[in-house]
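Chain residues, written in single-letter form:
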Amino acid sequence: MKKTILAAFAFLLAAAPAVQAQKVNRTAILQKIEKSDADIADAKKNGKASTWIARGKAFYEAAAAPTKDLFMNMDAMMLKLAVGEPQSKGTETLINDTYESWVYPYFVAYVKDGKVVTWKQTQWVLEDAPEKAIEAYAKAYELDPKSASKVKEGLQQVSDYCSQVGNTGLQTGELLASAEAFARSFEAQSVPAFGKADPILLYYAGYLYTMNGANDPASFVKGAEYLNRALDLGYNDEEGNIYYYLFHCYYGQKETDRENVMKGKEALLTGIEKFPKNERILDGLMQLYTSEEGVGDPADLVNRIDGMLAENPENVDLWFGRGRTFYALKNYDESIASFHKVVELKPDLFEGNYYLGIFYTIKGDAANTEINAKQYSSQAAYDEDLKAVNAIYMQAVPWLEKAYAINPSHADTLEYLKQLCFRLRDEEGMMEKYQKYNQLYKEAQGE
């Protein structure tokens, strides 16, 4: 009996006529807004919070109606059931990935593997509807603070809608529209009735403005504004990349005012104090110190880190940053010394052991390049220098072995060990190590 019922249901579903086109009742929505316009023109109704809350709802509906049935990762068949058959289908490449493009009157949905990945809105009921909704809700709360719960509910809807626009814009490569959407999402949360606005929205907006700076330098100005506002509100992303993006915003304005170079430097220096392991910040500082006149000597950066270490000598992150800084300066001995301190303070830290092995390898590569560039008058002299180079490489092996023991799934560690042991195969015990790591490497590769 159960199978019969299910079969009948499937038949009815298949037999049901498909919705032929996306339907957005634009006329009805605009009529609500016209009524709202008349209500706020009425002196008596204008003074009521309920009038403005109704207006906020009308404008929110105008904003959300075209895409209200969409959500990311929805099944493509569900899209057809919810919105109807697309007007046309094709293919489109977005940020180096190709999708099926399903064209509807108000949006294009991008489908991959039977799922809606993202979409791009192409038509609006009213483009400024989110701003108008925020204004209406703010006015309602101003008139009657007791309306806070209803106002907050409406503002949350507007904020969520704008965040969704930001996320879809990010995936379709519409950086400017995405940045503006996240900024508007924060604006909705900034109405006093909402409570505390989430500064991560400012960070998202600032990041996207930064990325769009390559297309329009004016975006660097907006990026700096939003990132600084996020910092002022106490926001920091987990890795400290906000300082790196802020640096790019200032550096992108250097042709307008050279003082922006120094502002960029200060952003990076502030970031490195708080996040000394951040490689992007270190790379940005190295770029500044080595390519811009008047910024200072790269040794200033080392002195700054050493000053912080004098106050906090057991800060593993500072030693990590110091090692990375000396690596950038090609001072491999100091880089190695710094990472020795890292593993002394935290013996089982994978990154410490791994990088210590890597920096010994890099030092060995540099020494090897030197002897290959030299002209030798005897084989004995060459062999002596080669022995010294191999001694450097030998020092890398135990640290990489320890790193591999800590994290056997790290493929690069295993590959480095295989290559190093093969190079050193004539040294005592190295051929056995090579055979061991070569076999493990093959197994990891599925051979």
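Here we summarise the structure given alongside this text. The structure displayed is predicted, hence computed values, not measured ones. (Residues numbered from 1 in each chain as written. Predicted model: local features only at pLDDT ≥ 70, side-chain atom pairs only at ≥ 80, totals over all residues. Heavy atoms only, no water.)

## Digging into the overall build of the chain
Inference 1: Summing up its helical and strand segments, the chain has 20 helices and four strands in all.
Inference 2: In terms of C-alpha radius of gyration, the chain reaches 30 Å, well past the compact-globule figure of 22 Å for 447 residues.
Inference 3: Over its C-alpha atoms, taken along the principal directions, the chain stretches across nearly 100 × 65 × 35 Å.
Inference 4: Within the chain, the proportion of its 447 residues that are buried is 44%.
Inference 5: The contacts in the chain between residues at least 6 apart in sequence include a share of 57% that link residues at least 24 apart. (Helix = DSSP H or I, 4+ residues; strand = E, 2+ residues; numbered from the N terminus. Rg over C-alpha atoms; globule rule 2.2 N^0.38 Å. Buried < 20%, exposed > 50% of the residue type's maximum accessible area, 1.4 Å probe, protein only. Contact = heavy atoms within 4.5 Å.)

## Observations regarding the pairing of strand E1 (residues 88-94)
Inference 1: Relative to strand E2 (residues 97-103), E1 runs antiparallel, the two being bridged by seven bridges. By the bridge assignment, Thr 91 is partnered in E2 with Glu 100.
Inference 2: As consecutive antiparallel partners, E1 and E2 are separated by two residues, and within that stretch Ile 95 has a phi angle of approximately 45°, a positive value. (Pairing = 2+ DSSP bridges.)

## Here's the deal with the nonpolar core
The tendency in soluble globular proteins is for nonpolar side chains to be buried side by side.
Inference 1: Counting residues in each nonpolar core, the largest one holds 82 residues, and the members touching the most others are Ile 242, Leu 285 and Leu 301.
Inference 2: The element contributing the most residues to this core is helix H17 (residues 350-373), with 10 residues.
Inference 3: What Leu 301 contacts, discounting residues up to four positions off in sequence, is Leu 269, Ile 272, Leu 285, Met 286, Tyr 289 and Thr 325.
Inference 4: Ala 62, Leu 70, Trp 119 and Tyr 161 belong to the second largest nonpolar core, which has 41 residues in total. (Core = buried A, V, L, I, M, F, W, Y, C linked by side-chain atoms within 4.5 Å.)

## Focus on the side chain of Arg 322
Inference 1: Locating Arg 322 in the fold gives a position in helix H15 (residues 316-328).
Inference 2: Polar contacts involving the side chain of Arg 322 include one to the side chain of Ser 338, which spans 2.8 Å.
Inference 3: Apart from the residues within four sequence positions on either side, Arg 322 is in contact with Ile 305, Asp 306, Leu 309, Glu 334 and Ser 338. (Polar contact = N/O pair within 3.5 Å; in protein donor to acceptor, adjacent residues only side chain to side chain.)

## Examining unusual backbone geometry
Excluding glycine, most residues fall at negative phi; most peptide bonds, likewise, are trans.
Inference 1: Positive phi outside glycine occurs at Asn 73, with the angle close to 70°.
Inference 2: Mapped onto the fold, Asn 73 is located in the loop between helix H4 (49-64) and helix H5 (76-83).
Inference 3: The backbone of Asn 96 sits at a positive phi, close to 70°, despite the residue not being glycine.
Inference 4: On the secondary structure map, Asn 96 appears in the loop between E1 and E2.
Inference 5: Note on Asn 96: relative accessible area 77%, which makes it exposed.

## Thoughts on the layout of surface pockets
Inference 1: In this structure, the largest pocket encloses a volume near 440 Å³.
Inference 2: Lining the largest pocket are 22 residues, with Gln 121, Trp 124, Tyr 161, Val 165 and Ala 177 positioned closest to its centre.
Inference 3: Those elements that provide at least two residues to the lining of the largest pocket are strand E4 (115-121), helix H6 (129-143), helix H7 (148-172) and helix H8 (175-189).
Inference 4: With six residues, H7 is the largest single contributor of residues to the lining of the largest pocket.
Inference 5: In terms of residue class, the lining of the largest pocket is made up of nine nonpolar, six polar and seven charged.
Inference 6: Its boundaries defined by the atoms lining it, the second largest pocket holds a volume of some 200 Å³.
Inference 7: What lines the second largest pocket is Glu 239, Asn 241, Lys 274, Phe 275, Pro 276, Lys 277, Asn 278, Glu 279, Arg 280 and Asp 317.
Inference 8: Looking at the lining of the second largest pocket residue by residue, the classes come out as two nonpolar, two polar and six charged. (1 Å grid on protein atoms, 1.4 Å probe; cavity = no way out; pocket = protein on both sides within 12 Å on 5 of 7 lines; lining within 4 Å. Points joined across faces, edges and corners; volume = space filled by probe spheres on them. Nonpolar A, V, L, I, M, F, W, Y, C, P; charged D, E, K, R; others polar.)

## Focus on the packing of aromatic side chains
Inference 1: If you walk through the whole model with that rule in mind, you get 25 aromatic pairs.
Inference 2: Here the aromatic rings of Tyr 203 and Tyr 245 are separated by 6.3 Å at their centres, their planes lie at 40°, and the arrangement is tilted. One end of the pair, Tyr 203, is in helix H9 (residues 200-212); the other, Tyr 245, is in helix H11 (residues 241-251), and 42 residues separate them in sequence. In this structure, Tyr 203 and Tyr 245 share a single accessibility class: buried. (Phe/Tyr/Trp six-rings, centres within 6.5 Å; stacked < 30°, edge-to-face > 60°.)

## Remarks on the side chain of Glu 292
Inference 1: Within the secondary structure, Glu 292 is located in the loop between helix H13 (279-291) and helix H14 (298-311).
Inference 2: Of note is the side chain of Glu 292, whose polar atom sits 2.8 Å from the side chain of Lys 254.
Inference 3: In terms of polar contacts, Glu 292 uses its side chain to reach the side chain of Arg 258, at 2.7 Å.
Inference 4: In this view, Glu 292 contacts Tyr 251, Lys 254, Arg 258, Val 261 and Gln 287; residues no more than four positions away in its chain are not counted.

## Examining the sheet that holds E2
Inference 1: Within the open sheet, the four strands sit side by side as E1-E2-E3-E4. Their pairing is antiparallel. On the outer flanks of this sheet lie E1 and E4, each paired with one strand and no other. Neighbour-to-neighbour, the strand axes of this sheet turn through a mean angle of 35°, independent of strand direction.
Inference 2: Across the sheet, H7 touches E1, strand E3 (107-112) and E4, and the angle it forms with E4 is around 100°. (Axes fitted to C-alpha atoms, helices over the stretch in contact; angles between N-to-C directions.)

## Topic: the pattern of salt bridges
Inference 1: Tallied over the full model, the rule gives 22 salt bridges.
Inference 2: Ionic pairing is found between Asp 37 and Arg 55, a salt bridge with its closest N-O pair at 2.8 Å. With Asp 37 in helix H2 (residues 26-41) and Arg 55 in helix H4, this residue pair connects regions lying 18 residues apart in the sequence.
Inference 3: The partly exposed category is assigned to Asp 37, whose relative accessible area is 35%.
Inference 4: For Arg 55, a relative accessible area of 9% puts it in the buried group. (Salt bridge = Lys/Arg side-chain N within 4 Å of Asp/Glu carboxyl O.)

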